[in-house]
Amino acid sequence: MPPVAAHRSQIFYGCAGTFLGQSGLFIDLPSLPLMARDFQVSAAGSQESITAYALGYGFSQLVWGPLSDRWGRRPTALTGLALFSLASLLLVVVSGFAPFLIMRLIQGIGAGCGTSVSRACLRDVFSDRLLTRAMSFVAMSYAVALGLAPFLGGLIARVAPWRADFLLLALLGAATAAVLSRGLKEVRRLAPAERRAGLRLGEIALGYGRLARDSRFLVPTLIATFGTGLMVVYGAVSPFDFEKGFDFSPSQFGAISLSLSVPYLLGAAIVSRWVVGLGQERLLRGGLGAVLAGAGVMLVLGLAGRFDAVSLLLPMLVVTLGAGLLVPIGLAMPMQAFPAQAGQATALTGFLQQEGTGLLVAMAAGISATSMVPLAAALLALGGILALLVRAYSRLAPSR
(Lines give C-alpha, C1' and ligand atoms only; values in the text may rest on other atoms or scores of the structure.)
Protein backbone atom coordinates (compact mmCIF):
# COMPACT_ATOMS: atom_id res chain seq x y z
CA MET A 1 0.00 0.00 0.00
CA PRO A 2 1.19 3.59 -0.57
CA PRO A 3 2.43 5.48 2.49
CA VAL A 4 -0.02 7.48 4.54
CA ALA A 5 1.44 10.80 3.35
CA ALA A 6 0.57 9.97 -0.28
CA HIS A 7 -3.13 10.55 0.39
CA ARG A 8 -3.18 13.87 2.20
CA SER A 9 -6.65 14.89 1.02
CA GLN A 10 -8.24 11.73 2.45
CA ILE A 11 -6.32 12.19 5.70
CA PHE A 12 -7.38 15.84 5.86
CA TYR A 13 -11.03 14.97 5.29
CA GLY A 14 -10.89 12.21 7.88
CA CYS A 15 -9.44 14.60 10.44
CA ALA A 16 -11.64 17.58 9.50
CA GLY A 17 -14.84 15.52 9.39
CA THR A 18 -14.12 14.10 12.83
CA PHE A 19 -13.06 17.46 14.26
CA LEU A 20 -16.22 19.22 13.06
CA GLY A 21 -18.51 16.39 14.13
CA GLN A 22 -17.06 16.15 17.63
CA SER A 23 -16.77 19.93 18.01
CA GLY A 24 -20.50 20.12 17.43
CA LEU A 25 -20.89 17.71 20.33
CA PHE A 26 -18.40 19.33 22.72
CA ILE A 27 -18.22 23.07 21.99
CA ASP A 28 -21.27 24.05 24.01
CA LEU A 29 -20.44 21.92 27.07
CA PRO A 30 -19.21 24.96 29.06
CA SER A 31 -22.43 26.76 28.15
CA LEU A 32 -24.89 24.06 29.26
CA PRO A 33 -25.64 25.85 32.54
CA LEU A 34 -26.12 29.13 30.61
CA MET A 35 -28.32 27.35 28.09
CA ALA A 36 -30.43 25.89 30.89
CA ARG A 37 -30.85 29.37 32.34
CA ASP A 38 -31.73 31.07 29.05
CA PHE A 39 -34.22 28.40 27.95
CA GLN A 40 -35.49 27.96 31.51
CA VAL A 41 -34.97 24.20 31.50
CA SER A 42 -33.32 21.87 34.01
CA ALA A 43 -29.74 20.63 33.80
CA ALA A 44 -31.01 17.33 32.40
CA GLY A 45 -33.09 19.29 29.90
CA SER A 46 -30.06 21.20 28.60
CA GLN A 47 -28.27 17.89 28.06
CA GLU A 48 -30.99 17.02 25.54
CA SER A 49 -29.05 19.29 23.19
CA ILE A 50 -26.27 16.70 23.19
CA THR A 51 -28.71 13.83 22.77
CA ALA A 52 -30.50 15.47 19.82
CA TYR A 53 -27.22 16.13 18.06
CA ALA A 54 -26.01 12.57 18.71
CA LEU A 55 -29.25 11.14 17.31
CA GLY A 56 -28.87 13.01 14.04
CA TYR A 57 -25.16 12.32 13.94
CA GLY A 58 -25.62 8.59 14.32
CA PHE A 59 -28.74 7.76 12.31
CA SER A 60 -27.71 9.86 9.33
CA GLN A 61 -24.56 7.80 8.81
CA LEU A 62 -26.71 4.84 7.80
CA VAL A 63 -27.80 6.96 4.81
CA TRP A 64 -24.62 8.89 4.01
CA GLY A 65 -22.55 5.72 3.53
CA PRO A 66 -24.71 4.19 0.77
CA LEU A 67 -25.20 7.65 -0.78
CA SER A 68 -21.45 8.06 -1.10
CA ASP A 69 -21.26 4.68 -2.86
CA ARG A 70 -23.81 5.90 -5.42
CA TRP A 71 -22.98 9.61 -5.78
CA GLY A 72 -19.26 9.41 -5.06
CA ARG A 73 -17.35 10.51 -1.98
CA ARG A 74 -16.68 14.11 -3.04
CA PRO A 75 -20.24 15.35 -3.86
CA THR A 76 -21.63 13.56 -0.81
CA ALA A 77 -18.98 15.15 1.40
CA LEU A 78 -19.77 18.65 0.11
CA THR A 79 -23.52 18.11 0.58
CA GLY A 80 -23.03 17.08 4.20
CA LEU A 81 -20.78 20.04 4.92
CA ALA A 82 -23.31 22.43 3.41
CA LEU A 83 -26.09 21.03 5.63
CA PHE A 84 -23.88 21.20 8.73
CA SER A 85 -22.86 24.80 8.04
CA LEU A 86 -26.41 25.96 7.32
CA ALA A 87 -27.83 24.34 10.45
CA SER A 88 -25.00 25.81 12.54
CA LEU A 89 -25.80 29.25 11.20
CA LEU A 90 -29.51 28.89 11.98
CA LEU A 91 -28.71 27.80 15.54
CA VAL A 92 -27.37 31.31 16.12
CA VAL A 93 -30.82 32.85 15.63
CA VAL A 94 -33.47 30.15 16.23
CA SER A 95 -35.75 30.88 19.20
CA GLY A 96 -37.44 28.45 21.59
CA PHE A 97 -35.95 25.30 23.02
CA ALA A 98 -37.95 22.87 20.85
CA PRO A 99 -36.88 24.50 17.54
CA PHE A 100 -33.35 24.67 18.92
CA LEU A 101 -33.34 20.92 19.51
CA ILE A 102 -34.71 20.27 16.01
CA MET A 103 -31.93 22.36 14.50
CA ARG A 104 -29.35 20.53 16.62
CA LEU A 105 -30.74 17.29 15.20
CA ILE A 106 -30.29 18.61 11.64
CA GLN A 107 -26.81 19.85 12.47
CA GLY A 108 -25.97 16.34 13.66
CA ILE A 109 -27.31 14.89 10.40
CA GLY A 110 -24.90 17.07 8.44
CA ALA A 111 -22.04 16.16 10.76
CA GLY A 112 -22.71 12.44 10.28
CA CYS A 113 -21.62 12.72 6.66
CA GLY A 114 -18.19 13.98 7.65
CA THR A 115 -17.61 10.98 9.90
CA SER A 116 -18.93 8.11 7.78
CA VAL A 117 -17.86 9.28 4.32
CA SER A 118 -14.40 10.40 5.41
CA ARG A 119 -13.72 6.98 6.93
CA ALA A 120 -14.89 5.33 3.71
CA CYS A 121 -12.41 7.56 1.85
CA LEU A 122 -9.64 6.24 4.08
CA ARG A 123 -10.68 2.64 3.48
CA ASP A 124 -10.57 3.31 -0.27
CA VAL A 125 -6.80 3.87 -0.10
CA PHE A 126 -5.54 2.03 3.03
CA SER A 127 -5.83 -1.45 4.54
CA ASP A 128 -4.56 -3.57 7.43
CA ARG A 129 -2.28 -1.83 9.93
CA LEU A 130 -1.78 1.15 7.63
CA LEU A 131 -5.51 1.75 7.99
CA THR A 132 -5.16 1.60 11.77
CA ARG A 133 -2.30 4.07 11.51
CA ALA A 134 -4.41 6.40 9.36
CA MET A 135 -7.24 6.13 11.86
CA SER A 136 -4.81 7.15 14.60
CA PHE A 137 -4.50 10.54 12.89
CA VAL A 138 -8.27 10.78 12.88
CA ALA A 139 -8.22 9.90 16.57
CA MET A 140 -5.77 12.75 17.14
CA SER A 141 -8.24 15.17 15.55
CA TYR A 142 -10.88 13.77 17.90
CA ALA A 143 -8.52 14.50 20.78
CA VAL A 144 -8.02 18.05 19.60
CA ALA A 145 -11.79 18.52 19.41
CA LEU A 146 -12.21 16.92 22.82
CA GLY A 147 -10.01 19.55 24.44
CA LEU A 148 -10.06 22.52 22.08
CA ALA A 149 -13.82 22.70 21.43
CA PRO A 150 -14.82 23.16 25.10
CA PHE A 151 -11.89 25.54 25.53
CA LEU A 152 -13.09 27.70 22.64
CA GLY A 153 -16.67 27.42 23.89
CA GLY A 154 -15.54 28.69 27.29
CA LEU A 155 -13.68 31.62 25.74
CA ILE A 156 -16.69 32.52 23.61
CA ALA A 157 -18.97 32.42 26.67
CA ARG A 158 -16.60 34.87 28.34
CA VAL A 159 -16.70 37.53 25.60
CA ALA A 160 -19.90 36.84 23.61
CA PRO A 161 -23.30 35.13 23.85
CA TRP A 162 -22.99 31.35 23.96
CA ARG A 163 -24.79 31.03 20.61
CA ALA A 164 -21.64 32.37 18.95
CA ASP A 165 -20.33 28.80 19.35
CA PHE A 166 -22.45 27.82 16.38
CA LEU A 167 -21.31 30.73 14.25
CA LEU A 168 -17.76 29.44 14.64
CA LEU A 169 -18.87 25.96 13.58
CA ALA A 170 -20.61 27.39 10.51
CA LEU A 171 -17.44 29.19 9.45
CA LEU A 172 -15.29 26.10 9.99
CA GLY A 173 -17.70 23.97 7.99
CA ALA A 174 -17.65 26.41 5.08
CA ALA A 175 -13.85 26.60 5.14
CA THR A 176 -13.57 22.81 5.10
CA ALA A 177 -15.94 22.61 2.12
CA ALA A 178 -13.82 25.16 0.25
CA VAL A 179 -10.67 23.10 0.79
CA LEU A 180 -12.28 19.79 -0.19
CA SER A 181 -13.91 21.24 -3.30
CA ARG A 182 -10.41 21.67 -4.69
CA GLY A 183 -8.44 18.84 -3.13
CA LEU A 184 -10.61 15.74 -2.61
CA LYS A 185 -10.51 13.35 -5.56
CA GLU A 186 -12.55 10.27 -6.32
CA VAL A 187 -10.45 7.14 -5.84
CA ARG A 188 -12.97 4.30 -5.93
CA ARG A 189 -15.40 4.37 -8.83
CA LEU A 190 -18.27 1.91 -9.00
CA ALA A 191 -19.59 0.30 -12.14
CA PRO A 192 -23.07 1.49 -13.22
CA ALA A 193 -24.68 -1.74 -11.98
CA GLU A 194 -23.10 -1.28 -8.56
CA ARG A 195 -24.33 2.30 -8.41
CA ARG A 196 -27.89 1.28 -9.23
CA ALA A 197 -27.75 -1.24 -6.41
CA GLY A 198 -26.31 1.36 -4.04
CA LEU A 199 -29.70 2.71 -2.92
CA ARG A 200 -31.85 -0.42 -3.05
CA LEU A 201 -33.37 -0.50 0.41
CA GLY A 202 -33.50 -4.28 0.51
CA GLU A 203 -29.83 -4.63 -0.35
CA ILE A 204 -28.88 -1.95 2.14
CA ALA A 205 -30.86 -3.61 4.92
CA LEU A 206 -29.38 -7.03 4.13
CA GLY A 207 -25.89 -5.56 4.10
CA TYR A 208 -26.34 -3.92 7.48
CA GLY A 209 -27.86 -7.11 8.86
CA ARG A 210 -24.87 -9.18 7.74
CA LEU A 211 -22.48 -6.73 9.36
CA ALA A 212 -24.40 -6.53 12.63
CA ARG A 213 -24.41 -10.33 12.98
CA ASP A 214 -20.69 -10.71 12.34
CA SER A 215 -18.45 -10.64 15.41
CA ARG A 216 -15.54 -9.34 13.33
CA PHE A 217 -17.56 -6.17 12.85
CA LEU A 218 -19.54 -5.95 16.06
CA VAL A 219 -16.81 -6.51 18.66
CA PRO A 220 -14.38 -3.77 17.54
CA THR A 221 -17.26 -1.40 16.85
CA LEU A 222 -18.49 -1.82 20.42
CA ILE A 223 -14.95 -1.24 21.68
CA ALA A 224 -14.95 2.11 19.87
CA THR A 225 -18.45 2.88 21.14
CA PHE A 226 -17.78 2.26 24.81
CA GLY A 227 -14.32 3.82 24.56
CA THR A 228 -15.90 7.00 23.26
CA GLY A 229 -18.64 6.69 25.86
CA LEU A 230 -16.09 7.05 28.65
CA MET A 231 -15.34 10.61 27.57
CA VAL A 232 -18.85 11.57 26.57
CA VAL A 233 -20.31 10.53 29.94
CA TYR A 234 -17.63 12.57 31.70
CA GLY A 235 -18.29 15.47 29.32
CA ALA A 236 -22.02 15.47 30.07
CA VAL A 237 -21.56 15.46 33.86
CA SER A 238 -18.38 17.50 34.40
CA PRO A 239 -19.69 21.01 33.48
CA PHE A 240 -22.06 20.85 36.44
CA ASP A 241 -19.35 19.43 38.70
CA PHE A 242 -16.88 22.20 37.87
CA GLU A 243 -19.23 25.15 37.39
CA LYS A 244 -21.81 24.38 40.06
CA GLY A 245 -19.84 22.28 42.51
CA PHE A 246 -16.38 23.89 42.28
CA ASP A 247 -17.50 27.41 41.21
CA PHE A 248 -15.49 27.43 37.97
CA SER A 249 -16.40 29.88 35.21
CA PRO A 250 -17.20 28.53 31.72
CA SER A 251 -13.81 29.73 30.46
CA GLN A 252 -12.02 28.03 33.37
CA PHE A 253 -13.88 24.81 32.67
CA GLY A 254 -12.92 25.09 29.00
CA ALA A 255 -9.26 25.45 29.96
CA ILE A 256 -9.51 22.39 32.19
CA SER A 257 -11.11 20.43 29.36
CA LEU A 258 -8.22 21.32 27.08
CA SER A 259 -5.93 19.20 29.25
CA LEU A 260 -7.92 16.06 28.34
CA SER A 261 -6.74 16.29 24.75
CA VAL A 262 -3.13 15.63 25.82
CA PRO A 263 -3.52 12.02 27.05
CA TYR A 264 -5.87 11.17 24.20
CA LEU A 265 -3.35 12.55 21.70
CA LEU A 266 -0.66 10.53 23.43
CA GLY A 267 -2.69 7.34 23.16
CA ALA A 268 -3.43 7.94 19.46
CA ALA A 269 0.24 8.74 18.83
CA ILE A 270 1.26 5.47 20.48
CA VAL A 271 -1.11 3.62 18.17
CA SER A 272 0.32 5.44 15.15
CA ARG A 273 3.91 4.74 16.17
CA TRP A 274 3.68 1.20 17.53
CA VAL A 275 0.70 -0.55 15.95
CA VAL A 276 2.78 -2.04 13.13
CA GLY A 277 5.28 -3.51 15.56
CA LEU A 278 3.12 -4.41 18.57
CA GLY A 279 -0.18 -5.18 16.91
CA GLN A 280 -3.69 -4.20 17.90
CA GLU A 281 -4.27 -6.72 20.68
CA ARG A 282 -1.41 -5.57 22.91
CA LEU A 283 -2.41 -1.95 22.53
CA LEU A 284 -6.01 -2.78 23.35
CA ARG A 285 -4.91 -4.46 26.57
CA GLY A 286 -2.80 -1.46 27.51
CA GLY A 287 -5.72 0.88 26.90
CA LEU A 288 -8.04 -1.28 28.97
CA GLY A 289 -5.56 -1.28 31.84
CA ALA A 290 -5.41 2.51 31.84
CA VAL A 291 -9.21 2.81 31.82
CA LEU A 292 -9.65 0.44 34.75
CA ALA A 293 -6.82 2.04 36.73
CA GLY A 294 -8.09 5.59 36.28
CA ALA A 295 -11.71 4.74 37.06
CA GLY A 296 -10.66 2.67 40.04
CA VAL A 297 -8.57 5.49 41.53
CA MET A 298 -11.45 7.93 41.03
CA LEU A 299 -13.81 5.57 42.84
CA VAL A 300 -11.42 5.06 45.76
CA LEU A 301 -10.90 8.81 46.14
CA GLY A 302 -14.63 9.41 46.00
CA LEU A 303 -15.34 6.77 48.63
CA ALA A 304 -12.68 8.43 50.81
CA GLY A 305 -14.71 11.66 50.69
CA ARG A 306 -12.68 13.55 48.09
CA PHE A 307 -14.61 15.71 45.64
CA ASP A 308 -12.54 18.48 44.09
CA ALA A 309 -11.09 19.44 40.73
CA VAL A 310 -7.80 17.59 41.19
CA SER A 311 -9.27 14.30 42.42
CA LEU A 312 -11.77 14.35 39.54
CA LEU A 313 -9.46 15.44 36.73
CA LEU A 314 -6.28 13.44 37.36
CA PRO A 315 -7.92 9.97 37.24
CA MET A 316 -9.86 11.08 34.16
CA LEU A 317 -6.60 11.88 32.40
CA VAL A 318 -5.58 8.24 32.84
CA VAL A 319 -8.98 7.03 31.59
CA THR A 320 -8.64 9.29 28.55
CA LEU A 321 -5.20 7.86 27.76
CA GLY A 322 -6.77 4.42 27.67
CA ALA A 323 -9.55 5.63 25.39
CA GLY A 324 -6.92 7.07 23.05
CA LEU A 325 -5.50 3.57 22.64
CA LEU A 326 -8.84 1.78 22.32
CA VAL A 327 -10.89 3.95 19.97
CA PRO A 328 -8.62 4.17 16.85
CA ILE A 329 -8.24 0.39 16.77
CA GLY A 330 -11.93 -0.16 17.33
CA LEU A 331 -12.78 2.15 14.43
CA ALA A 332 -10.27 0.70 11.97
CA MET A 333 -10.95 -3.01 12.35
CA PRO A 334 -14.57 -3.13 11.07
CA MET A 335 -13.47 -1.44 7.84
CA GLN A 336 -10.48 -3.77 7.54
CA ALA A 337 -12.61 -6.89 7.87
CA PHE A 338 -15.13 -5.84 5.19
CA PRO A 339 -13.34 -3.97 2.37
CA ALA A 340 -16.14 -4.61 -0.13
CA GLN A 341 -18.66 -2.94 2.22
CA ALA A 342 -16.50 -0.02 3.34
CA GLY A 343 -19.29 2.55 2.98
CA GLN A 344 -21.80 0.51 4.93
CA ALA A 345 -19.23 -0.63 7.49
CA THR A 346 -18.18 2.93 8.28
CA ALA A 347 -21.81 4.06 8.34
CA LEU A 348 -22.95 1.35 10.75
CA THR A 349 -19.85 1.85 12.91
CA GLY A 350 -20.60 5.55 13.17
CA PHE A 351 -24.28 4.90 13.87
CA LEU A 352 -23.58 2.50 16.71
CA GLN A 353 -20.85 4.74 18.11
CA GLN A 354 -22.94 7.90 18.14
CA GLU A 355 -26.27 6.38 19.16
CA GLY A 356 -24.54 4.35 21.82
CA THR A 357 -22.87 7.43 23.25
CA GLY A 358 -26.12 9.38 22.95
CA LEU A 359 -27.86 6.70 25.02
CA LEU A 360 -25.06 6.87 27.58
CA VAL A 361 -25.48 10.65 27.80
CA ALA A 362 -29.19 10.19 28.44
CA MET A 363 -28.36 7.74 31.21
CA ALA A 364 -25.69 10.09 32.58
CA ALA A 365 -28.32 12.80 33.09
CA GLY A 366 -29.22 11.12 36.36
CA ILE A 367 -25.66 11.10 37.73
CA SER A 368 -25.33 13.25 40.84
CA ALA A 369 -23.05 16.31 40.73
CA THR A 370 -22.49 16.32 44.49
CA SER A 371 -20.05 13.40 44.57
CA MET A 372 -17.73 11.75 42.08
CA VAL A 373 -18.60 8.23 43.26
CA PRO A 374 -21.53 7.80 40.80
CA LEU A 375 -19.41 9.04 37.88
CA ALA A 376 -16.51 6.78 38.87
CA ALA A 377 -18.86 3.80 39.20
CA ALA A 378 -20.28 4.50 35.73
CA LEU A 379 -16.77 4.71 34.23
CA LEU A 380 -15.76 1.51 35.98
CA ALA A 381 -18.86 -0.25 34.65
CA LEU A 382 -17.95 0.84 31.12
CA GLY A 383 -14.44 -0.44 31.76
CA GLY A 384 -15.85 -3.83 32.76
CA ILE A 385 -17.81 -4.02 29.50
CA LEU A 386 -14.66 -3.07 27.58
CA ALA A 387 -12.74 -5.85 29.35
CA LEU A 388 -15.25 -8.41 28.02
CA LEU A 389 -15.02 -6.93 24.53
CA VAL A 390 -11.21 -6.89 24.46
CA ARG A 391 -11.20 -10.52 25.56
CA ALA A 392 -13.65 -11.38 22.78
CA TYR A 393 -11.50 -9.50 20.27
CA SER A 394 -8.40 -11.49 21.27
CA ARG A 395 -10.31 -14.68 20.43
CA LEU A 396 -11.30 -13.29 17.04
CA ALA A 397 -7.81 -12.21 16.01
CA PRO A 398 -5.19 -13.92 18.17
CA SER A 399 -2.40 -13.15 15.71
CA ARG A 400 -2.96 -9.39 15.54
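What you are looking at is a predicted structure, and each value in this text was computed from that prediction instead of being measured.

Asker: In this structure, what is going on with the overall build of the protein? I would like to understand it.
Answerer: The number of helices and strands found in the protein is 17 helices and zero strands. Here the C-alpha atoms of the protein give a radius of gyration of 20 Å, agreeing with the 21 Å that 2.2 N^0.38 yields for 400 residues. Only carbon and sulfur atoms are counted for the fraction: they give 67% of the accessible area of the protein, which is about 14900 Å².

Asker: Even after reading the chapter, I still don't get the environment of Glu-281, so can you show me in this structure?
Answerer: Relative to the helices and strands, Glu-281 resides in helix 14 (residues 280-303). Taking relative accessible area as the criterion, Glu-281 reaches 9% and is therefore assigned buried. Sequence separation of Glu-281 and Ser-68 is 213 residues, and the distance between their C-alpha atoms is 31 Å.

Asker: What is the right way to read a nonpolar patch on the surface from this model?
Answerer: Taken together, the side chains of Leu-55, Phe-59 and Leu-105 present a nonpolar region at the surface, about 250 Å² in accessible area. Tracing the chain through its elements places Leu-105 in helix 6 (residues 97-125). On the accessibility criterion, Leu-105 (33% relative accessible area) is partly exposed.

Asker: Would you mind showing me how to read the pattern of salt bridges here?
Answerer: Note on pairing: side chains with opposite charge can pair once their charged atoms come close. On inspection of all chains with the given rule, the structure shows six salt bridges. The salt bridge involving Arg-104 is made with Asp-28; its shortest N-O contact spans 3.6 Å. With Arg-104 in helix 6 and Asp-28 in the loop between helix 1 (8-26) and helix 2 (32-39), this pair connects stretches of sequence that are 76 residues apart. The exposure class of Arg-104 is buried, given its relative accessible area of 0%. A relative accessible area of 0% means that Asp-28 is categorised as buried. The closest approach of N and O atoms between Asp-214 and Arg-216, which form a salt bridge, is 2.8 Å. Owing to a relative accessible area of 44%, Arg-216 belongs among the partly exposed residues under this scheme.

Asker: Would you take a moment to explain the side chain of Gln-107 for this structure?
Answerer: Looking at the element boundaries, Gln-107 is found in helix 6. Assessed through its relative accessible area of 0%, Gln-107 is described here as buried. A distance of 2.9 Å separates polar atoms of two side chains, one belonging to Gln-107 and the other to Ser-88. Residues within four places of Gln-107 in sequence aside, it is in contact with Tyr-53, Phe-84, Ala-87, Ser-88, Leu-91, Phe-166 and Leu-169.

Asker: I would appreciate a short explanation of the packing of aromatic side chains in the present structure.
Answerer: Aromatic rings in a pair are described by how distant their centres are and how their planes are angled relative to each other. The final tally for this structure, using the stated rule, is 12 aromatic pairs. With a centroid separation of 5.3 Å and an interplanar angle of 70°, the aromatic rings of Phe-242 and Phe-248 are classed as edge-to-face. By relative accessible area, which is 0% here, Phe-242 ends up buried. Phe-248 gets classed as partly exposed once you look at its relative accessible area, which sits at 22%. Above the face of the Trp-274 ring, Arg-273 is positioned so that its terminal group lies 4.5 Å from the ring centre.

Asker: Can you help me understand unusual backbone geometry in this one?
Answerer: With the exception of glycine, the majority of residues adopt a negative phi angle, and the majority of peptide bonds are in the trans configuration. A positive phi angle, close to 55°, is found at Gln-40, a residue other than glycine. By relative accessible area, Gln-40 is classed as exposed at 73%. At Asp-247, a residue that is not glycine, the phi angle is positive and equals roughly 60°. Here Asp-247 shows up in the loop between helix 11 (215-245) and helix 12 (250-258). You can call Asp-247 exposed: its relative accessible area is 66%.

Asker: What's the story with helix 1 in this structure? I'm lost.
Answerer: The periodicity of an α-helix, 3.6 residues per turn, causes residues three or four places apart in sequence to face the same way. The terminal C-alpha atoms of helix 1 lie 26 Å apart, and with 19 residues this matches the ideal 27 Å at 1.5 Å per residue to within 8%. Burial within helix 1 is extensive, with 17 of its 19 residues counted as buried.

Asker: Teacher, can you tell me more about the packing of helix 1 against helix 6 here?
Answerer: Two numbers describe how helix 1 lies on helix 6: the axes approach to 8 Å, and their chain directions differ by 155°. On the basis of their axis angle, the class for helix 1 and helix 6 is roughly antiparallel. Crossing of helix 1 against helix 6: the hand is left-handed. Across the interface between the two elements, Gln-10, Ile-11, Tyr-13, Gly-14, Gly-17, Gly-21, Gly-24 and Leu-25 of helix 1 pack against Arg-104, Ala-111, Cys-113, Gly-114, Thr-115, Val-117, Ser-118, Cys-121, Leu-122 and Val-125 of helix 6. Partitioning the contact of helix 1 with helix 6 into residue classes produces nine nonpolar, eight polar and one charged.

Asker: Honestly, the side chain of Thr-76 in this entry has me stumped. Any pointers?
Answerer: As for its position among the elements, Thr-76 is in helix 5 (residues 73-91). By relative accessible area, Thr-76 is classed as buried at 0%. Within polar-contact distance, the side chain of Thr-76 engages the backbone oxygen of Gly-72 at 2.7 Å.

Asker: What am I meant to see in the environment of Thr-370 here?
Answerer: Inspection of the secondary structure puts Thr-370 in the loop between helix 16 (342-364) and helix 17 (373-396). The class for Thr-370 is exposed, based on a relative accessible area of 66%. As a C-alpha pair, Thr-370 and Phe-307 span 63 residues in sequence and 8.0 Å in three-dimensional space.

Criteria and thresholds
- Residues numbered from 1 in each chain as written.
- Predicted model: local features only at pLDDT ≥ 70, side-chain atom pairs only at ≥ 80, totals over all residues.
- Heavy atoms only, no water.
- Helix = DSSP H or I, 4+ residues; strand = E, 2+ residues; numbered from the N terminus.
- Rg over C-alpha atoms; globule rule 2.2 N^0.38 Å.
- Areas by Shrake-Rupley, 256 points an atom, 1.4 Å probe, with all protein chains shown as cover.
- Buried < 20%, exposed > 50% of the residue type's maximum accessible area, 1.4 Å probe, protein only.
- Patch = residues over 30% accessible without salt bridge, like charges linked within 9 Å, V, L, I, M, F, W, Y side chains within 5 Å.
- Salt bridge = Lys/Arg side-chain N within 4 Å of Asp/Glu carboxyl O.
- Polar contact = N/O pair within 3.5 Å; in protein donor to acceptor, adjacent residues only side chain to side chain.
- Contact = heavy atoms within 4.5 Å.
- Phe/Tyr/Trp six-rings, centres within 6.5 Å; stacked < 30°, edge-to-face > 60°.
- Lys NZ or Arg CZ within 6 Å of the ring centre and 35° of its normal.
- Expected span 1.5 Å × (residues − 1).
- Axes fitted to C-alpha atoms, helices over the stretch in contact; angles between N-to-C directions.
- Parallel < 35°, antiparallel > 145°, perpendicular 65-115°, else oblique.
- Left-handed = near helix turned anticlockwise from the far one by under 90°.
- Nonpolar A, V, L, I, M, F, W, Y, C, P; charged D, E, K, R; others polar.

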